[in-house]
Amino acid sequence: MVDSKFIEIDLHGKTIKIETGKMAKQADGAVVVTCGETTVLATAVSSDKPREGIDFFPLLVNYEEKFYAAGKIPGGFFKREGKPSNNAVLTSRLIDRPLRPLFPKDYKNDVQIIITTLSYDEKNMPDVLALIGASAALWISDIPFKCPIGAVRMGMKDDQFIVNPTVEEMEESKLDLIVAGPKDSVVMMEGGANELPEEKILEAIEIAQKSINTLITGQEKLLDILKKTRKEYIPDNENDEKKDKLYNDVNAKFGQDIKNIICIADKKERENALNALFDKVVNKFAIEDEEISIFKDIFDEIYHEMFRKLILLDKKRSDGRKLDEIRPITCEVGLIPRVHGSALFTRGQTQALAITTLGSVKDRQFIDTLQEESSERFYLHYNFPPFSVGDVRPRRGQSRREIGHGSLAEKALKALIPSEEEFPYTIRMVSEILESNGSSSMATVCSGSLSLMDAGVLMKRPIAGIAMGLIKEKDNVEILTDILGLEDHYGDMDFKSAGSSKGITAIQMDLKIDGISKDILSDILFKAKKARLSILEIMNKVISEPKKDLSEHAPKITILKIDSNKIGSVIGPGGKNIKKIIELTGASVDIKEDGEVFISSIDKEAVKNAIKMVEDIVKEAKVGEIYKGRVTRTTNFGAFVEILPGKEGLVHISKLAHRRIEHVEDVVKTNDNIVVKVIKIDNQGRIDLRKVEDDQENSDNNGIYSNNEKYD
């Protein structure tokens, strides 16, 4: 019999169960987390020995979506899960970011966390459960991990906050914010909002913190139930005395040189000067090749300390700006021919080129995940080529970082994208990062907003984004506005905030320290708002509202609404009718299940002709109306005339002329075009017609509905 242990946590009426001892027992730590009928398995394993020759903590997080969890079979030829979906990549990053700061700084053992979705009930989302499971798996293992964390998703409906809302509740939510951290603190948050003010975001975080504390208490209780004492991590102090002496010697002789280099404003010039100084110091102290790795750590530690003192004590930044000063900004729109919309946004040494392409319904991005297959009519792709930072490296597809940055920028802009009824286009945004020295994702938000307006997309308001930083030593705290890459690397926080003049649309925060107080967080939010509004002022001087006309190269789209019962008539047997419309007009025709028909083409005349052909098919004949029709066949009692596509009526021989005639063919023949009037429609839909003489046309009706241009 399996000896499993579990705890149950009551969180706002929902029960979250964390169980261990039944599955994956050879992992260092393994738990199964369940809420409703959504279940995830989280495992954590660490290598026995540290990896040699690295200067980073080798943590690898894999969140794996299994289609069987939702009772689905994967598409494609091989019928098995392939490369991770964007959602799986984003969830892996979501789990990695709050966990990474809680490992010892000198821990270099490989750690792998794998979270597998076992069951998905289409109500309770698995991503938050995965984060809780990863924390619990680490906490009950012997892997050195400072403290457990909790995580919740915050939603908002009817101005009321919801903790861990269901999928259905999220459909009408104004907020989608995931908050994670240890007790009484937040180390990570990410989400989007519908222009919520900063005060509401703070309120949501405060509510989330209480739930996080409850989840952490549950994990601590599970460890107690297991009657397990966590091993104390003992750092390797073998070379500490030697390192300390070398640190003091280098700092005494070259500390001022390092400080001077930090104050070089140009990124490339600063890096070149630092590399040259490093080589000089290596030669000065006769560092052996096998000691280079240790010496790099010492050199970086001095640089780190000097950088932070410069800000905390001298109140000075490396590029000479004030702590709350934004780098110089330039904007330009419409700079690339042929594309539908373009913008170049440059902030200091960070530059983003955004391109907008407009398409039809068939250009939507279809997404196949555990949830029902869905499609997106607005999507953003972010590219970070190596030349943007002066590097040379192979390009092997999109990285996790590119997917994450693109998702954040997409979230920021999506909040104010017009509805399909207002703007019936599929919108693809591509951000090409041409230079990077801090916060290229927020530069993407700014360039993206400008590009959308240049394309004529009916954006409700422009959107801007800003990245904030933090340097904190005990009670000495300084907040930095518009951070450089250097300030991100050596600082304690990366806080990104995007939104309009009315409120926040996207937010992301990652801390490298244990946490920050509510007052500091409030200060950061409102300083970010001030910066965002300043950037919007600059952007509005270039373009403040969408262009009135679309690019001549953009498709022209019209939406027709037809009775859903007539969709089959428009498509025709085997797609005959819709293929004919596309062939004759050159327009693209897409039909949705609710009867919306999207007709698009770069040629306005093609759209016009396609509209008429669709209208002809769905139009109903009415008594008293006159039509120009084609004789399809004759009989001894009359002629059948097609007055609308697929709709025929009978002109009885007595209605072909005002005189008596012996044979129908004496008046009309097959394929003749004649003008007829509807005189009767019976209960079965059969149409009786009368031929209209040429001199009667204008007197009988103000105009003639012609269906036969294709026969003329």
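Attention in this report is confined to the structure presented alongside it. (Residues numbered from 1 in each chain as written. Predicted model: local features only at pLDDT ≥ 70, side-chain atom pairs only at ≥ 80, totals over all residues. Heavy atoms only, no water.)

With respect to the sheet that holds strand β5 (residues 59-64)
Next, step 1: Judged by pairing direction, the sheet is mixed, and its 6 strands sit side by side in the order β1-β2-β3-β4-β6-β5 without closing on themselves. Looking at the sheet topology across the chains shown, the edges are occupied by β1 (5-11) and β5. Each adjacent strand pair in this sheet contributes to an overall mean axis angle of 15 degrees, direction not counted.
Next, step 2: Here 9 bridges tie strand β4 (residues 38-50) to strand β6 (residues 109-119), and the two strands are oriented antiparallel to one another. Paired with alanine 44 across the strands is isoleucine 113, a residue of β6.
Next, step 3: Contacting β1, β2 (14-20) and β3 (29-35), helix α4 (residues 198-225) crosses the sheet at an angle of about 165 degrees to β1. (Pairing = 2+ DSSP bridges. Helix = DSSP H or I, 4+ residues; strand = E, 2+ residues; numbered from the N terminus. Axes fitted to C-alpha atoms, helices over the stretch in contact; angles between N-to-C directions. Contact = heavy atoms within 4.5 Å.)

Thoughts on the pairing of strand β24 (residues 596-601)
Both faces of the sheet carry side chains from a regular strand, because those side chains alternate between them.
Next, step 1: Counting buried positions over the 6 residues of β24 gives 6, a clear majority of the element.
Next, step 2: Where burial is concerned, the two faces of β24 agree: the one with Glu596, Phe598 and Ser600 and the one with Val597, Ile599 and Ser601 are both buried.
Next, step 3: Here strand β22 (residues 556-561) pairs with β24 via 6 bridges, running antiparallel. Looking at the pairing, threonine 558 lines up with isoleucine 599 of β24.
Next, step 4: Bridge analysis of strand β23 (residues 588-591) against β24 gives 4 bridges, and the strand direction is antiparallel. Bridge assignment links serine 588 to a residue of β24, and that residue is serine 600. (Buried < 20%, exposed > 50% of the residue type's maximum accessible area, 1.4 Å probe, protein only.)

A short note on the nonpolar core
Next, step 1: One finds Phe103, Ile113, Ile115, Leu175 and Phe495 to be the most contacted residues of the largest nonpolar core, which totals 130 residues.
Next, step 2: In contact with phenylalanine 103, other than residues within four places in its own chain, are Phe57, Leu59, Val111, Leu138, Ile143, Pro144 and Phe145.
Next, step 3: Grouped together as the second largest cluster of nonpolar side chains are 32 residues, Phe285, Ile311, Ile471 and Leu486 included. (Core = buried A, V, L, I, M, F, W, Y, C linked by side-chain atoms within 4.5 Å.)

Let's talk about empty space enclosed by the protein
Next, step 1: A complete count under the given rule lists 3 cavities of 30 Å³ or more for this structure.
Next, step 2: Volume-wise, the largest cavity comes out at about 110 Å³.
Next, step 3: If you go around the largest cavity, the residues you meet are Lys14, Ile16, Cys35, Asn124, Met125, Val128, Leu129, Arg153, Asn164 and Pro165.
Next, step 4: Contributing elements (two or more residues each) for the lining of the largest cavity: β2 and α2 (126-139).
Next, step 5: Residue composition of the lining of the largest cavity, grouped by class: 6 nonpolar, 2 polar and 2 charged. (1 Å grid on protein atoms, 1.4 Å probe; cavity = no way out; pocket = protein on both sides within 12 Å on 5 of 7 lines; lining within 4 Å. Points joined across faces, edges and corners; volume = space filled by probe spheres on them. Nonpolar A, V, L, I, M, F, W, Y, C, P; charged D, E, K, R; others polar.)

The quantities given are spatial measurements derived from coordinates; they are silent on function.
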